[in-house]
Amino acid sequence: MECIKPIKVDKKPGKAAAKIRIEADGSYFQVNQDGEAQKLEKAKITLNDCLACSGCITSAESVLVSQQSHGELCKVLAQNKAAAAHEQKLVVVSVSPQSRASLAARCKLGLLETAQKLTTFLKGLGVHHVFDTTFSRNFSLLESQQEFVRRFQRQAEDKKALPMLASACPGWICYAEKTHGSFIIPHISTTKSPQQVMGSLVKGYFAEQQHLPPDRIYHVTVMPCYDKKLEASRPDFFNQEFQTRDVDCVITTGEVLKLLEQEGVSLSDVDPSPLDTMLGRAAEELSSHRGGGSGGFLEHIFIHAARELFGIHGASIHYRPLKNKDFQEVTLERDGQVLLHFALAYGFRNIQNLVQKLKRGKCPYHYVEVMACPSGCLNGGGQIKLEGESSKEELQQVERLYESLRAEVPEQNQAVRELYEHWLGGWDSHRALQVLHTQYHAVERASSALSIKW
């Protein structure tokens, strides 16, 4: 793919510095002293080089990620229709709740209507099953809760057990691995994000139920964020045995809108269809989780830890904004003593402040919900921009829709309990750790951007 960062010009000894001319179409020309112009190649990067710096990956115009687009999905669906029955793939689309809320706001529909009509539309294109990643988020929340308790209990012997930093945001993970590497990695939760848990469920449990090998399923997710394309492309989420990714293709909410426009379809005119579930029962309603539009990790871990570590049931949560609304903290106190100190840090400005506190040994938190986007996932770069609305009003509209659903408690979800018991071998089992957790890698930087002479 192309990177929009400036290109490097090698200086040759004995010659005056060349000038760079940028044409209207964005191409670069090197102009020497004689007035001769030479067209320059744009710098190329691979996904592994990307820092998720917002320079291009979060800009709709510049995202050119191979095999990660709605065009690629259309190509696979067309190939499927033309293929012989034994060569066809089972196409599964998993839709994030943040994307659904953005689509609902754009189409002026309720969330349930949006989900039912989107199911009809996608199945009309040749998709076989449409799932909701709220289901996989139950596993991410439950595993994060248990991981935090384990870390809290070993903090005396492991100085890097706390603070535990959230791992659901790939923009933050990419930044952490490439900018702070081995210093920050031990603090990051090993729990997979809801997208990647869904990948494991679809290519694992669901594939088994369908009596198919993982490579016979083509799994697409609909996400609010371009960085999810990077996450799906990580080598950690590639099945070597079957040569297939857990998530084959990620499309953004905006790309779903492009699909609708491409097909000449208005979602409001589509008939509703029953909602699919992983266990084969049709869903009557949608549910969500408490704790805001980025998944509710802070609140679920806080309530669980209060109960498991201190015997405090139903702990109340009161957010205290610090420098800005994207940096807030929550405390659990008893008899004047602070038992738990949590925070949420959204946006790179707040993330950098958090990292600096950690490096100075002055980070007071036990857990931080970290998200790269200001205002969190509902404000992701892949969401639909509403016409005629200010960004603030637009976000409030999406938030109202998102929060209108009944909040479920992950521990009480019967389907989740069944999968833990019958497929994962129980809570805290070796298989659950294997399937629902991942690892991170410090990336050595060949050279600092500051050391390059442009």
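Cut-offs used in this document
Residues numbered from 1 in each chain as written. Predicted model: local features only at pLDDT ≥ 70, side-chain atom pairs only at ≥ 80, totals over all residues. Heavy atoms only, no water. Pairing = 2+ DSSP bridges. Helix = DSSP H or I, 4+ residues; strand = E, 2+ residues; numbered from the N terminus. Axes fitted to C-alpha atoms, helices over the stretch in contact; angles between N-to-C directions. Contact = heavy atoms within 4.5 Å. 1 Å grid on protein atoms, 1.4 Å probe; cavity = no way out; pocket = protein on both sides within 12 Å on 5 of 7 lines; lining within 4 Å. Points joined across faces, edges and corners; volume = space filled by probe spheres on them. Nonpolar A, V, L, I, M, F, W, Y, C, P; charged D, E, K, R; others polar. Left-handed = near helix turned anticlockwise from the far one by under 90°. Expected span 1.5 Å × (residues − 1). Core = buried A, V, L, I, M, F, W, Y, C linked by side-chain atoms within 4.5 Å. Buried < 20%, exposed > 50% of the residue type's maximum accessible area, 1.4 Å probe, protein only. Bend = angle between axes of the 7 residues up to and from the residue. pLDDT = per-residue confidence, 0-100. Salt bridge = Lys/Arg side-chain N within 4 Å of Asp/Glu carboxyl O.

Whenever strands of a sheet pair, they do so through backbone hydrogen bonds, lying parallel or antiparallel. Spatially, four strands are ordered 5-4-7-10 in an open sheet, and the strand pairing comes out parallel. This sheet does not close on itself; its edge strands, each paired only once, are strand 5 (129–132) and strand 10 (249–252). In this sheet, neighbouring strand axes are inclined to one another by 25° on average, regardless of whether the strands run parallel or antiparallel. Sheet topology places strand 4 (residues 90–95) next to strand 5; four bridges connect them, and they run parallel. Paired with Ser94 across the bridge in strand 5 is Phe131. In this fold helix 1 (residues 70–82) packs onto strand 4, strand 7 (217–223) and strand 10, with an angle of close to 150° to the strand it touches most, strand 7.

When its volume is computed, the second largest pocket comes out at roughly 640 Å³. Secondary structure elements with two or more residues in the lining of the second largest pocket: helix 3 (111–125), strand 5, helix 4 (134–153) and helix 12 (414–422). Here the residues of the lining of the second largest pocket are counted per class, giving 14 nonpolar, seven polar and eight charged.

It is the contact of helix 4 with helix 12, at a shortest axis distance of 10 Å, that shows an interaxial angle of 65°. Regarding helix 4 and helix 12, the two cross each other, and that crossing is right-handed. Each of Phe135, Asn138, Phe139, Leu142 and Glu143 in helix 4 lies in contact with helix 12, whose residues at this interface are Ala415, Val416, Leu419 and Tyr420.

Scanning all chains against the criterion turns up one cavity of 30 Å³ or more. Within this model, the largest cavity holds a volume of roughly 60 Å³. In terms of lining, the largest cavity is formed by Ser102, Leu378, Asn379, Gln383, Ile384, Lys385, Ser391, Glu394, Leu395 and Val398. A total of four residues in the lining of the largest cavity trace back to one element, the largest contributor, which is helix 11 (residues 391–402). By residue class, the composition of the lining of the largest cavity is four nonpolar, four polar and two charged.

This next bit is on helix 3. The end-to-end C-alpha separation of helix 3 is 21 Å, in line with the 21 Å expected for 15 residues at 1.5 Å each. The inward-facing, buried residues of helix 3 abut helix 1, strand 4, helix 2 (97–107), strand 5, helix 8 (253–262) and helix 11. Positive phi appears at Gly126, one or two residues downstream of helix 3, with a value of about 120°.

For the rest of this paragraph, the subject is the sheet that holds strand 12 (residues 320–321). The strand order across the open sheet built from five strands is 6-15-14-13-12, with neighbouring strands paired in mixed fashion. For this open sheet the edge positions go to strand 6 (164–165) and strand 12, each flanked by a neighbour on one side alone. As judged from the five bridges shared by strand 14 (residues 337–346) and strand 15 (residues 367–371), these two strands associate in the parallel manner. Counterpart to Ala343 in the pairing with strand 15 is Val368.

Our focus in this paragraph is the environment of Val330. Its location among the elements puts Val330 in strand 13 (residues 327–334). Along the chain, Val330 and Glu299 lie 31 residues apart, while their C-alpha atoms are 9.2 Å from each other.

When a protein is soluble and globular, its nonpolar side chains tend to lie buried together. Grouped together as the largest cluster of nonpolar side chains are 50 residues, with contacts concentrated most on Phe148, Trp172, Leu332, Leu340, Phe342 and Tyr367. Counting residues per element, this core draws most heavily on helix 9 (residues 297–310), at eight residues. Every residue in contact with Phe342, bar those within four places of it in the chain, is listed here: Phe148, Leu298, Ile301, Phe302, Gln328, Glu329, Val330, Tyr365, His366 and Tyr367. By size, the runner-up hydrophobic cluster in this structure holds 27 residues, among which are Val76, Leu118, Val256 and Val270.

What follows covers unusual backbone geometry. For the peptide bond that leads from Leu162 to Pro163, omega is -5°, which places it in the cis range. Inspection of the secondary structure puts Pro163 in the loop between helix 4 and strand 6. The backbone of Lys108 shows a phi angle near 55°, a positive value even though the residue is not glycine. Residue placement: Lys108 occurs in the loop between helix 2 and helix 3. Using a relative accessible area of 74% as the deciding quantity, one classes Lys108 as exposed.

With that settled, the discussion passes to helix 6 (residues 194–209). Approximately 30° is the largest bend angle found in helix 6, and it occurs at Leu201. Within helix 6, 14 of the 16 residues are buried, which leaves the element mostly enclosed by the surrounding structure. Phi for His211, located one or two positions after helix 6, is positive at around 55°.

With 86% of its residues at a pLDDT of 70 or more, the protein chain shows a mean pLDDT of 87. Residue range residues 1–9 is modelled with pLDDT below 50. Its contacts to residues more than four positions away, or to other chains, number 33 contacts. Across residues 54–64, where pLDDT falls below 50, the model places 21 contacts with residues more than four positions away in sequence or in other chains.

Inspection of the entire model under this criterion finds 17 salt bridges. Asp428 is the salt-bridge partner of Arg150, the closest N and O atoms lying 3.0 Å from each other. Of this pair, Arg150 sits in helix 4 while Asp428 is found in the loop between helix 12 and helix 13 (430–436), placing the two residues 278 residues apart along the sequence. Arg150 gets classed as partly exposed once you look at its relative accessible area, which sits at 30%. Of the charged contacts, one joins Arg234 and Asp236 as a salt bridge, the two residues approaching to 3.5 Å between their closest N and O atoms. Residue Arg234 is classed as buried on the basis of its relative accessible area, which comes to 14%. Ionic contacts of the salt-bridge type, sharing partners, join the residues Glu177, Arg234 and Asp236 into one network.

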